[in-house]
Amino acid sequence: MKRFRRHGQESHRDRIKQELYGFNKTVEHGFPHQPSALVFSPSLQLLAIGTRSGAIKLYGAPGVEFMGLHDENAAVTQVHFLPQQVDLVTLLDDNSLHMWTLRAHHGVSELLETGRFTLTGPPGAPPSVTRVTAVLTHSSGDMLFLGTEGGHVFVVEVPGFRELEERNISLENVTNSLPEDYGGRRILEHVESLQENPVNPLQVLIGYGRGIMVIWDLERHSAVKHIPATQQLESVWWTEDGGHVLSSHSDGSYCRWMVAGEGTQSEPEKSEVPYGHFPCKAISKIIQLPTEQGPPFLFLSGGMPRASYGDRHCISVIHSKTHVALDFTSRIIDFFVIRDGPDHTGDPSALVVLVEEELVVIDLQTEGWPVIQTPYLVPLHCSAITCSHHVSAIPLKMWERVLSAGALQNTHYSKKPWPITGGQNLSPDAPQVKIMFLWLLILTNVHEDGTVRFWDASGVCLYPMYKLSTAGVFLTDAEPNDNMNQCTEGEWPPFRKVGCFDPYSDDPRLGVQKIHLCKYSGYLTVAGTAGQILVLELNDEAAEQTVEATVADLLQGQESFRWKGHTRLEVREEPVTFPPGFQPFALVQCQPPAVVTALTLHSEWKLVTFGTSHGFGLYDYQQKSNVLVRCTLNPSDQLAMEGPLSRVKSIKKSLRQSFRRIRRSRVSLRKHHVNSAAKVQEANARLEAELAEMELAPVQRKIEARSSDDSFTGLVRTLYFADTFLSDSSHHTPSLWAGTNGGSVFAYQLRLPPVERRSEDPVSAHPAKEIQLMHRAPVVGIVVLDGHGSPLPEPLEVAHDLARSADMQGCHQLLVISEEQFKVFTLPKVSAKMKLKLTAIDGSRVRRVGVAWFGSSRSEDYGESGLTVLTNQGDLHVVSLPGVKLQVQYPCIRREDVSGIASCVFTKHGQGFYLISPSEFERFSLSARCVVEPRSLVEVPSQTPGTTLPRAQPDGPSVAHRYTPTASLYSARRVMEHALLNDESE
């Protein structure tokens, strides 16, 4: 009977787990890493980007997103939509072609790969014969023209990828059609460009690398016109009326050729080098579009004077008397122009430019050609992302205040709506209670800018809300240039800086490391690289004020230590004008000015606590005074006095120390002549354990006590405020808890004056408890559980009726989370009650931990609290509270992905984010209820009658082909990741 009852209980618990937990990687936020190709479908109003890692991403209206990944580990070099269809073709640098389609399934479109194709030449032929260099999707929608490195043009039927051998255009046929003075294979080289005649789909222009261009008649299967350009060809554009061809060349020139009639045109109608007679770089792309009234628009990529501006990345826009050289901060990948009208043949309305680090859209119909703010693909990595903070359930009033402050910063953007509108976003609207994602953006090395950017993370798109800069508080070597986007009168070329990717800054010490926001009071605290802690308050009006600095001496007069790192930042003594938004009013400067490693704000008590590698402090920002300073430095922590060190230096020093211990052990063995083999083995085991601690490779091991002589044992890892029982079980008081890298936990009892005397009487802190974990593992989290076993509510959360009051009747419990185990102590006696040894089970260590609420997917009224945990193996765990039992485990991040593991941040409702590249976050969910993922529908555009081409006689080169049908879902990347993770686990 007991066995059946236990089985029933387990089955019931399993059902609850299914209702509470479920792992999904849902959406990728940010800008694609290393983009390599761009295309736009006017009929679908969709943008497609290919990357060097083989990913293909589609974007339409905000919230409409699709992603696919090629099985081949090859870069996407070209992407092409089939006209008036939901299909697209990708070309990879391994010379394979892939067909993708958007197929509706249960009312939602999915991006599927439906086929692949590779040209294979005749036996013995060199690879250049079939190496594809240019692709043309014919307006009929059923043919691809593939130009190759060998000069041939192959014709392939789509979507089936069947080669039409009778339509192939061989190099020999083209060469034979040339006049005698242009004959010879040498002058043609590879096919650089293929263009269809806009008014006659039976004609295709073939542009060869040496400059020769040939207009080929598909019906007559012969050349009808030759254009003998003399410079290396870069790109070709056939004007909309079909009467002219524009060619751009490697010497920075472009030519205009009249193509009416047949025969050969010996000279261009116009030839121009836009930027002078000095040697210029190549014009890699040229586009000319007409306007209903007035002259056409001309767009040129490149062409800058080589000696003076050869390092600039520019697109020149010329219209009437207006000439602007748009200057980007990273390399240009490609660009296209969006046009007005239902058939997309009206005046140019927007220029869309994909550069290596961002997407920039220019409004061409507003005076001054301002930038249109992008609702997605924003470069999150304007400065390298090193820290993230997530705040959920933002009160509506604060949400609106932050948006209002951000709107004042965006007045330079165009008022035009986002011009890419394809697809329907079927994802449910974000709830009224918003979610805010704060990312601290700094650069590694020496270019940190000390900014904090606020993003709306409530939906599929991460939308920029507000930018906070902390640099104005300090004196720096250089002042920010507010006029960088303005070109000087009469300057030539007429440069204009565009885009928001700007990785340069004034001073590396400005870099922000930690942040804490109180969503109820509007207080924000920001801590940085040079030991600076700023306290800010949200203000709707601009204010001029002086920021008062308070020094916190964490060494407390210990003269034996000498700081060898960077100096502190100098604070401006004169008043500073701060715009609406978060405005600093207090500053704490740690001495020594080391990186701040832990930070917590309690806005109800008006207190901020901070920690570094030397100790921790408590600051009263209402009275602007220090309450507590505690040094945690161990006498052996000399590394903590040397400032930021390279990882290589730390590893080398640790290795030297380890081998010295081994040598000392061996000398001792020879001296005492006892059990030498056993002690050498012990020394080697100690070395192996120390190497494991340095994370050169994850290993399984037993929990082993760490030496108190290890470096950085005094580094403060976590800080926590709690109103709980410290002295006895009948009186609860405010308290501060600190956990260090050496496994120590310090507890202080805080005494706050009455509210009416809060601004006059000082806050005091008294030592109450101290815990030393047996294994000295770093403490990464501290949580106090109330009488019901629930985590204590956030400050002011109860006052705003968003959480129930903590139960003060039952016994409170202290949960200490180290890298190796979860241990529960009773309060106030601090006696061990239970523990979960994570490292002893599978050798993993805790890297990230958070407290989350998991709501049931079936019942709105049921949910459970739990700990979300990420280990150094890349696995996600959910640990129950208060029972501290492992509930579920999922593989998430590859254990070799150290940056991804280090960047992970959890939300309060079971979601999380981690970096999959320097510019992209992967969003995941452990909750069965809270899932944010794209759900979009793209419908097939109305069909227009295509041109049916007559069949030609087979006289072109014949090649074998390989076609393989496939059906891989758009989530192929996640499938591959899971396969890799499963392989490793096996």
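Residues numbered from 1 in each chain as written. Predicted model: local features only at pLDDT ≥ 70, side-chain atom pairs only at ≥ 80, totals over all residues. Heavy atoms only, no water.

It is worth spelling out the overall build of the protein chain at this point. Looking only at helices and strands, the protein chain has nine helices and 66 strands in total. Per-residue burial for the protein chain yields a buried fraction of 56% across its 986 residues. Sequence-distant contacts, at least 24 apart, represent 60% of the contacts inside the protein chain between residues at least 6 apart. When the accessible surface of the protein chain is split by element, carbon and sulfur atoms take 50% of a total near 42700 Å². (Helix = DSSP H or I, 4+ residues; strand = E, 2+ residues; numbered from the N terminus. Buried < 20%, exposed > 50% of the residue type's maximum accessible area, 1.4 Å probe, protein only. Contact = heavy atoms within 4.5 Å. Areas by Shrake-Rupley, 256 points an atom, 1.4 Å probe, with all protein chains shown as cover.)

Right, let's talk about empty space enclosed by the protein for a bit. Summed over all chains, the structure comprises three cavities of 30 Å³ or more. H29, G30, Y376, L377 and L462 are, among the 13 residues lining the second largest cavity, the residues nearest its centre. If you tally residues by element for the lining of the second largest cavity, the top one is strand β1 (residues 21-30), at three residues. Partitioning the lining of the second largest cavity into residue classes produces nine nonpolar, two polar and two charged. (1 Å grid on protein atoms, 1.4 Å probe; cavity = no way out; pocket = protein on both sides within 12 Å on 5 of 7 lines; lining within 4 Å. Points joined across faces, edges and corners; volume = space filled by probe spheres on them. Nonpolar A, V, L, I, M, F, W, Y, C, P; charged D, E, K, R; others polar.)

The phi angle of most residues is negative, glycine excepted, and most peptide bonds adopt the trans form. The linkage connecting Q591 with the following residue, P592, adopts the cis geometry, with an omega of 0°. Mapped onto the elements of the fold, P592 is located in the loop between β45 (581-591) and β46 (598-602). For the bond from L881 to P882, the omega torsion is 5°, close enough to zero to count as cis. Along the chain, P882 falls in the loop between β60 (875-880) and β61 (886-891). The phi torsion at S320 lies on the positive side, around 55°, for a residue other than glycine. Summarising the element assignment, S320 is placed in the loop between β25 (313-319) and β26 (322-328). Its relative accessible area of 52% is what places S320 among the exposed residues.

Let's shift gears to the sheet that holds β61. With respect to topology, four strands assemble into an open sheet ordered β58-β59-β60-β61, the strand pairing being antiparallel. Strands with a single pairing partner mark the edges of an open sheet, and in this sheet they are β58 (846-855) and β61. Between one strand axis and the next, the sheet turns through 20° on average, direction left out of account. When strand β59 (residues 863-871) meets β60, the two strands line up antiparallel, connected through five bridges. (Pairing = 2+ DSSP bridges. Axes fitted to C-alpha atoms, helices over the stretch in contact; angles between N-to-C directions.)

Below, the discussion takes up the nonpolar core. Ranked by internal contacts, the top residues of the largest apolar core, which has 33 residues, are W737, L814, L815 and F822. Sorting the residues of this core by element identifies β50 (716-725), β52 (744-751), β54 (779-785), β55 (813-818), β56 (821-826) and β59 as the ones contributing at least two each. Ignoring any residue separated from it by four or fewer positions in sequence, one finds L815 in contact with G781, I782, V783, F822, K823, V824, L867, L881 and V884. Counting residues in each nonpolar core, the second largest holds 31 residues, with V391, V452, F454 and F578 among its members. (Core = buried A, V, L, I, M, F, W, Y, C linked by side-chain atoms within 4.5 Å.)

Here we come to the pairing of strand β3 (residues 46-51). In terms of burial, β3 is largely enclosed, as six of its six residues are buried. Both strand β2 (residues 35-41) and β3 contribute to a ladder of six bridges, which runs antiparallel. Within β3, the residue paired with V39 across the bridge is A48. Hairpin connection from β2 to β3: four residues lie between these consecutive antiparallel strands, with Q45 at a positive phi of about 55°.

With that settled, consider the pattern of salt bridges. Side-chain pairs of opposite charge can arise where the charged atoms are in close proximity. Scanning all chains against the criterion turns up 28 salt bridges. Two residues, R401 and D540, come together in a salt bridge whose shortest N-O distance is 3.0 Å. Separated by 139 residues along the polypeptide, R401 in helix α4 (residues 396-408) and D540 in the loop between β40 (532-539) and β41 (543-545) bring together distant segments of the chain. By relative accessible area, R401 is classed as partly exposed at 24%. The class for D540 is partly exposed, based on a relative accessible area of 43%. (Salt bridge = Lys/Arg side-chain N within 4 Å of Asp/Glu carboxyl O.)

Moving on, we come to the packing of aromatic side chains. Under the counting rule described, the total for this entry stands at 22 aromatic pairs. Relative to F336, the ring of F40 has its centre 4.7 Å away and its plane inclined at 5°; by these criteria the two rings are stacked. With F40 in strand β2 and F336 in strand β27 (residues 332-339), the pair connects residues that are 296 residues apart, well separated along the chain. Judged by relative accessible area, which is 13%, F40 ranks as buried. (Phe/Tyr/Trp six-rings, centres within 6.5 Å; stacked < 30°, edge-to-face > 60°.)

Let us now look at the side chain of D456. With respect to the helices and strands, D456 occurs in strand β34 (residues 451-456). Look at D456 and you get buried, because its relative accessible area is 15%. Here S458 takes part through its side chain, which lies 2.6 Å from a polar atom of the side chain of D456. (Polar contact = N/O pair within 3.5 Å; in protein donor to acceptor, adjacent residues only side chain to side chain.)

Position of G207 relative to the elements: it lies in strand β15 (residues 200-208). In this structure G207 comes out as buried when scored by relative accessible area, which is 0%. Leave out the neighbours within four places in its chain, and G207 touches H190, V191, E192, S193, I212, M213 and L233.

What follows deals with the sheet that holds β25. Taken in spatial order, the five strands make up an open sheet running β23-β24-β25-β26-β37, and their pairing is mixed. Edge positions in the sheet fall to β23 (283-289) and β37 (495-497), since each has one partner strand and no second. Each adjacent strand pair in this sheet contributes to an overall mean axis angle of 20°, direction not counted. In the sheet, β26 pairs with β37 via three bridges, with the strands oriented parallel. Looking at β37, one finds that D327 is bridged to K497.

For the rest of this paragraph, the subject is the environment of V129. Structurally, V129 can be placed in the loop between β9 (108-120) and β10 (132-137). Sequence-distant contacts of V129, defined by excluding residues within four places in its chain, comprise T148, G150, H152 and F154.

Our next topic: the environment of V337. On the secondary structure map, V337 appears in strand β27. Sequence separation of V337 and S349 is twelve residues, and the distance between their C-alpha atoms is 7.4 Å. Apart from the residues within four sequence positions on either side, V337 is in contact with L289, F299, P348, A350, L351 and L364.

Moving on, we come to the side chain of N95. Tracing the chain through its elements places N95 in the loop between β7 (87-92) and β8 (96-105). Overall, N95 belongs to the buried group, its relative accessible area being 9%. A distance of 2.8 Å separates a polar side-chain atom of N95 from the backbone oxygen of T130. At 2.8 Å, the side chain of N95 forms a polar contact with the backbone nitrogen of V132. Beyond its immediate chain neighbours, meaning those up to four positions away, N95 contacts F117, T118, L119, T130, R131 and V132.

Helix length check: α4 (13 residues) gives 19 Å between terminal C-alpha atoms against 18 Å at 1.5 Å per residue, within 8%. Of the residues making up α4, those classed as buried are M398, W399, V402, A405 and G406. Summarising the axial view, the buried residues of α4 lie within an arc of 130°, below the 170-degree limit, and thus occupy one face. In α4, those exposed residues whose orientation departs by more than 90 degrees from the buried face are K397 and L408. (Expected span 1.5 Å × (residues − 1). Arc of directions from axis to C-beta.)

The predicted structure's coordinates, where accompanied by low pLDDT, should not be read in detail. Summary statistics for the protein chain give a mean pLDDT of 85 and a share of 82% for residues scoring 70 or more. Of the regions scoring below 50 in pLDDT, residues 1-5 engages in zero contacts with residues more than four places distant in sequence or in other chains. (pLDDT = per-residue confidence, 0-100.)

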